[in-house]
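Here are the chains, one letter per residue:
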Amino acid sequence: MTGAASDVGTWRPTASKGALRQRASALRATREFFFARQVLEVETPAMVNAPVSDVNLGSVRVQMSGSDQSLFLHTSPEYAMKRLLAAGSGDIYQVCHVYRGAERGRQHNPEFTMLEWYRQGFSLEQLMREVADLVNQLLGAPLPVEFVAYREAVRRHAGFDPLDSDPGVLQRAAQELGLDAAHAAKAGRDELLDLIVGARVGPALGASTLTFLHRYPASQAALARLDPDDPRVALRFELYHRGLELANGYHELSSAAEQRLRFAVDQQSRKARDLPTFELDSHLLAALDAGLPDCAGVALGFDRVLMLAMNATSIDEVIAFPTERA
């Protein structure tokens, strides 16, 4: 006999046939949604030459047989899609598998499906409305839409002002969530805010609504522009429903010089946390030098939307084979 007894049954998918049918229906509805809006579907490589510099993301390295060159599985198609935008593609979207190392749990699988799209000439508010239209369609129920500023949400659910409070306030709030005093004292402001928002604010959002948490602190702008009306905050949002984060969107930064500065800060942060650093994506920077059109973009966790649509308790219920059965 071949195979081990422990493999008995593990060849089977974790999603039911009904779930797979509903997934296929959602994919078809998504493509129809964008076709009706004349948004072009594109495909970009899953293997890329440079990983992201974001300290919160772990890239998966790929070693090609017979080559000394290391490649990486993309954590998002963002960089490649921005190159298409800079080359004149117009509005585009993509449905693809993305890969994030060391992420596994009830709501996480290291390989998952992302829906990402970019709309030229859209404001952050216009993009949030379009995200709501699509998500409501996929959920099958027209939910009310709520827009809450990051500052107000943290005040309401954590009891302090994230923009003006001194570090001691954030440290005490993090300790209340279980972070020991020594780690709280060493952690940076954004690291503490990420913990507090992830553990206390996010889970309280969107109980019966689609809740857009918008205008994050400027230090968390990532690839978003700063708000010209208040440069302390960035034109960035995340979408929550029933406490689950579904999407992350930006009014996209188009300045290559500013992006280089932000990447340099990322690299310093990675070194401070003993995380590996790599060469920056020269293709993306060259595309920004050439000129990225004014646009807003968003990445949506497709599997998480399906979890909510199917009332699933685990991501394994909406994907055929999680990593352990791959």
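Everything here concerns the structure above.
Residues numbered from 1 in each chain as written. Predicted model: local features only at pLDDT ≥ 70, side-chain atom pairs only at ≥ 80, totals over all residues. Heavy atoms only, no water.

(A) The arrangement of the packing of aromatic side chains in detail. Tallying each qualifying case throughout the model produces eight aromatic pairs. For the pair Tyr-79 and Phe-263, a centre-to-centre distance of 6.2 Å together with 55° between the ring planes defines the contact as tilted. Remark: Phe-263 occurs in helix H8 (residues 256–272) and Tyr-79 occurs in helix H2 (residues 78–86); sequence separation between them is 184 residues. Grouping residues by exposure puts Tyr-79 and Phe-263 together as buried. Each residue in the set Phe-33, Phe-34, Tyr-93 and Trp-117 is aromatic and connected to the rest through ring pairs, giving one cluster. Positioned above the aromatic ring of Phe-33, the side-chain terminus of Arg-37 is 3.6 Å from the ring centre. Cation over ring: Arg-236 sits above Tyr-216, and NZ or CZ is 4.3 Å from the ring centre. (Phe/Tyr/Trp six-rings, centres within 6.5 Å; stacked < 30°, edge-to-face > 60°. Helix = DSSP H or I, 4+ residues; strand = E, 2+ residues; numbered from the N terminus. Buried < 20%, exposed > 50% of the residue type's maximum accessible area, 1.4 Å probe, protein only. Lys NZ or Arg CZ within 6 Å of the ring centre and 35° of its normal.)

(B) Representation of the sheet that holds strand E2 (residues 47–48). Taking strand neighbours across the sheet as the criterion, the three strands line up as E2-E4-E3 in an open arrangement whose pairing is antiparallel. The outermost strands of the open sheet, each flanked by one partner alone, are E2 and strand E3 (60–63). In the sheet, E2 pairs with strand E4 (residues 70–73) via two bridges, with the strands oriented antiparallel. Looking at the pairing, Val-48 lines up with Phe-72 of E4. (Pairing = 2+ DSSP bridges.)

(C) Region of interest: empty space enclosed by the protein. Tallied over the full model, the rule gives one cavity of 30 Å³ or more. In terms of lining, the largest cavity is formed by 13 residues, of which the most central are Pro-51, Val-52, Ser-53, Glu-279 and Leu-280. Of all the elements, H8 adds the most residues to the lining of the largest cavity, at three residues. Classifying every residue of the lining of the largest cavity gives seven nonpolar, three polar and three charged. (1 Å grid on protein atoms, 1.4 Å probe; cavity = no way out; pocket = protein on both sides within 12 Å on 5 of 7 lines; lining within 4 Å. Points joined across faces, edges and corners; volume = space filled by probe spheres on them. Nonpolar A, V, L, I, M, F, W, Y, C, P; charged D, E, K, R; others polar.)

(D) Region of the structure containing the nonpolar core. Residues Trp-117, Val-131 and Leu-300 are the most contacted members of the largest nonpolar core, which totals 42 residues. Looking at this core element by element, the count peaks at nine residues for helix H3 (residues 124–139). Sequence-distant contacts of Trp-117, defined by excluding residues within four places in its chain, comprise Phe-34, Ile-92, Tyr-93, Leu-127, Glu-130, Val-131, Leu-134, Ala-296, Gly-297, Val-298 and Leu-300. Counting residues in hydrophobic clusters, the runner-up holds 20 residues, among them Ile-92, Leu-223, Ala-256 and Leu-284. (Core = buried A, V, L, I, M, F, W, Y, C linked by side-chain atoms within 4.5 Å. Contact = heavy atoms within 4.5 Å.)

(E) Structural view of the sheet that holds strand E1 (residues 40–41). Judged by pairing direction, the sheet is mixed, and its eight strands sit side by side in the order E1-E5-E6-E13-E12-E11-E8-E7 without closing on themselves. Each edge of the open sheet carries a strand with a single partner, namely E1 and strand E7 (145–149). As defined by bridge partners, strand E8 (residues 210–214) adjoins strand E11 (residues 236–241) across four bridges and the pair is classed as antiparallel. Bridging across to E11, Thr-211 finds its partner in Tyr-240.

(F) Structural context of the side chain of Asp-227. Counting through the fold element by element, Asp-227 comes out in strand E9 (residues 226–227). On the basis of relative accessibility, which here comes to 8%, the residue Asp-227 falls in the buried class. At 2.9 Å, the side chain of Asp-227 and the side chain of Arg-215 are in polar contact. (Polar contact = N/O pair within 3.5 Å; in protein donor to acceptor, adjacent residues only side chain to side chain.)

(G) Seen up close, the pattern of salt bridges. Tallying each qualifying case throughout the model produces 23 salt bridges. Note that Glu-324 and Arg-104 form a salt bridge whose closest N and O atoms lie 2.9 Å from each other. Taken together, the residues Glu-324 in the segment after helix H10 (302–309) and Arg-104 in the loop between strand E5 (92–99) and strand E6 (111–120) connect sequence positions 220 residues apart. Judged by relative accessible area, which is 34%, Arg-104 ranks as partly exposed. (Salt bridge = Lys/Arg side-chain N within 4 Å of Asp/Glu carboxyl O.)

(H) View of helix H5 (residues 167–176). Along H5, the residues classified as buried are Gly-168, Leu-170, Ala-173 and Ala-174. Tucked inside the fold, the buried residues of H5 contact helix H7 (189–201). For H5, the N-terminal capping position is held by Asp-166, with its side-chain oxygen 2.9 Å away from the main-chain nitrogen of Gly-168. Positive phi appears at Gly-178, one or two residues downstream of H5, with a value of about 110°.

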